[in-house]
Amino acid sequence: GCCGSAMARRVGVLVVALGWLLSPLEGLQAPPRADVRGRRIMLSATGPGEEWTSRRRALEEAAAAGLGLVGLGGLPLPAGAADAGVPVSQLVGQLSSAPARHIVITGSNSGVGLAGAKMLTAAGHRVTCACRTAAKAEAAAEACNQFAAAGGTRAGGQAVPGVCDLSDLDSVRAFAASLESTNAVPMDSLCLNAGLAHSTADKEPSRTRQGFEETVGVNHLGHFLLANLLVNSLAKRPAPRVVVTASPVHDPTSGGGNVGSPATLGDLAGLESGAGFDMVDGGPFDADKAYKDSKLCNMLFMAEAARRWGPQGVSVNAFSPGLIASPEGFFRYQNPIFARAFNVISQVVGVAETNEFGGSAMGFLSVDPAVQGASGGWYDSFPPGKHQLFLHPPSGEAQDQGKQQRLWELSAALTGLTRQT
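In this report, we go over the structure that sits alongside the text. Predicted model, so just to flag it, every value in this text is computed and none were measured.

Rules used throughout
Starting from 1, residues in each chain are numbered consecutively following that chain's sequence as written. Totals for whole chains, interfaces and linings use all residues, but because this is a predicted model, local features are given only for residues with pLDDT of at least 70 and pairs of side-chain atoms are given and counted only at 80 or more. Only heavy atoms go into the side-chain values, all of them from the structure, while hydrogens and water stay out. For Phe, Tyr and Trp, where Trp contributes only its six-membered ring, two rings pair if their centres lie within 6.5 Å, and the inter-plane angle classes them as stacked under 30 degrees, edge-to-face over 60, or tilted in between. For helices the rule is a DSSP run of H or I covering at least 4 residues; for strands it is a run of E covering at least 2, with both sets numbered from the N terminus onward. Relative accessible area decides the class of each residue, using a 1.4 Å probe on protein chains only: under 20% of the type maximum gives buried, over 50% gives exposed, and in between gives partly exposed. For two strands to pair, DSSP has to find at least two bridges joining them. The contact definition used throughout considers only heavy atoms, calling two residues in contact when any of these lie within 4.5 Å. Throughout, an axis means a line fitted to C-alpha atoms (over the contacting stretch in the case of helices), and angles, computed between N-to-C directions, take values from 0 to 180 degrees. Remark: nonpolar core denotes a set of buried residues (Ala, Val, Leu, Ile, Met, Phe, Trp, Tyr, Cys) joined through side-chain atoms within 4.5 Å.

1. Quick word on the packing of aromatic side chains
Summed over the entire model, instances satisfying the criterion amount to 6 aromatic pairs. Geometrically, the ring pair formed by Phe 224 and Trp 408 is edge-to-face, given 5.0 Å between the ring centres and 80 degrees between the ring planes. Of this pair, Phe 224 sits in helix H7 (residues 214–234) while Trp 408 sits in helix H12 (residues 401–415), and the two are 184 residues apart along the sequence. Across this residue pair, the class does not change: Phe 224 and Trp 408 are buried. For the ring pair Trp 309 and Trp 408, a centre distance of 5.5 Å and an interplane angle of 75 degrees mean the geometry is edge-to-face. With Trp 309 in helix H9 (residues 287–309) and Trp 408 in helix H12, this pair connects stretches of sequence that are 99 residues apart. Take Trp 309: its relative accessible area is 0%, and that puts it in the buried class. Note on Trp 408: relative accessible area 1%, which makes it buried. Members of the aromatic cluster, joined through ring pairs, are Phe 224, Phe 301, Trp 309 and Trp 408.

2. Looking at the sheet that holds strand S9 (residues 315–319)
Reading across the sheet, the 9 strands line up as S3-S11-S10-S9-S8-S7-S4-S5-S6 and stay open at both edges, with mixed pairing between neighbours. At either margin of the open sheet sits one strand with a lone partner, and together these are strand S3 (86–87) and strand S6 (158–163). With 3 bridges connecting them, strand S4 (residues 102–106) and strand S7 (residues 189–192) associate as parallel partners. Paired with Ile 105 across the two strands is Cys 191, which belongs to S7. Helix-sheet contacts for H7 involve S4, S7 and strand S8 (241–245), and the interaxial angle to S7 is about 175 degrees.

3. Here's the deal with unusual backbone geometry
Even without a glycine there, the phi angle at Ala 239 is positive, about 50 degrees. Among the structural elements, Ala 239 can be located in the loop between H7 and S8. For Leu 268, which is not glycine, the phi dihedral falls at a positive 65 degrees. When you line up the elements, Leu 268 lands in the loop between S8 and helix H8 (269–273).

4. As for the nonpolar core
Formed by 54 residues in total, the largest nonpolar core has its most connected members in Leu 190, Leu 192, Leu 226, Val 242, Phe 301, Trp 309 and Val 316. Elements with a contribution of two residues or more to this core: helix H6 (169–179), S7, H7, S8, H9, S9 and H12. With 10 residues, the top contributor of residues to this core is H7. Apart from the residues lying within four places of it in its own chain, the contact partners of Val 316 are Val 242, Met 302, Ala 305, Ala 306, Trp 309, Ser 375, Gly 376 and Gly 377. With 32 residues, the next largest nonpolar core counts Leu 91, Ile 103, Ala 117 and Ala 141 among its residues.

Set out below in structure tokens:
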């Protein structure tokens, strides 16, 4: 794999350390000594107690499940790939000199979405902050405008709020209609960024308003509908772009995808059964796998959209912002103690990325002339924590054209599209 034994050691440190950090807060007997020597954490227990051993193992497995949510490494790179990386300095280098665009970003009230929205506003672009509630959207737009006023690199940038609740297809349709109204400013780039991951401890699925399992409903189906509703308007603009925030965990061979239940959509039996599905593949609910599956859906959508919309001049690409284990962001639905510990340790061992890196990658794919016309690409951070973006091959399942097409057809039926574009 791309990270080799060094990544394996880092994963081991994270899993063992998280098990130790969590255990005292669960009322368990903690090891009496934890010596930190460089990046090695040496633990010892007071005795051979089976209860301590079994519970620590359970905590380690829970930590491993957390690793699976985000992924610590991407996919193997071809020979010579070291020459193909785009460092963060280049990701942001053309944001202010690129032609001014209107970029719509879902999930722009926090994390990567907010960081990207701020950068693009400060670089002189118009940004629509599409968020679940009006309050979140207005706060995000205000934060972007203040950021631009304090240190903008090009005048003319403006952020405006927009309400788009991806867990409610009626809200998605209303938002799309607002962007296509007579007085609306035409959009040039659509960033499908919002996402959620429920606690891996959840035993039953949460539901969207239309009854979909919420992880797939928000991360894939809501975005699928939004993009389809807006693609014809996008296609009227010069160099229109769709950017999808994805994750290496869609691939079972990646550093996070091989931890816990691997992503696979099987024969799509869950979606074939209708809106009340628990899992896309028809299996029993598994919150960890549901997130990974949703990211695989993102990748299949990206590839199929690139093929379908290419003749209209619309480019479609996906990227991963890397490991950003913020307890207030992506990890907000996880155990708060676990989330805080994971965040600290991922930074200590040097595998964490930042919201700013993720935002710069989003901005790069949204406006930079260097990727104009490029489509169907999967960009991931590599090496982990080093703030570089690489073009990777997606997983084998993500490259299955038959599955790309069938997922599209089922998604169109579930979201009520009257025509498939």
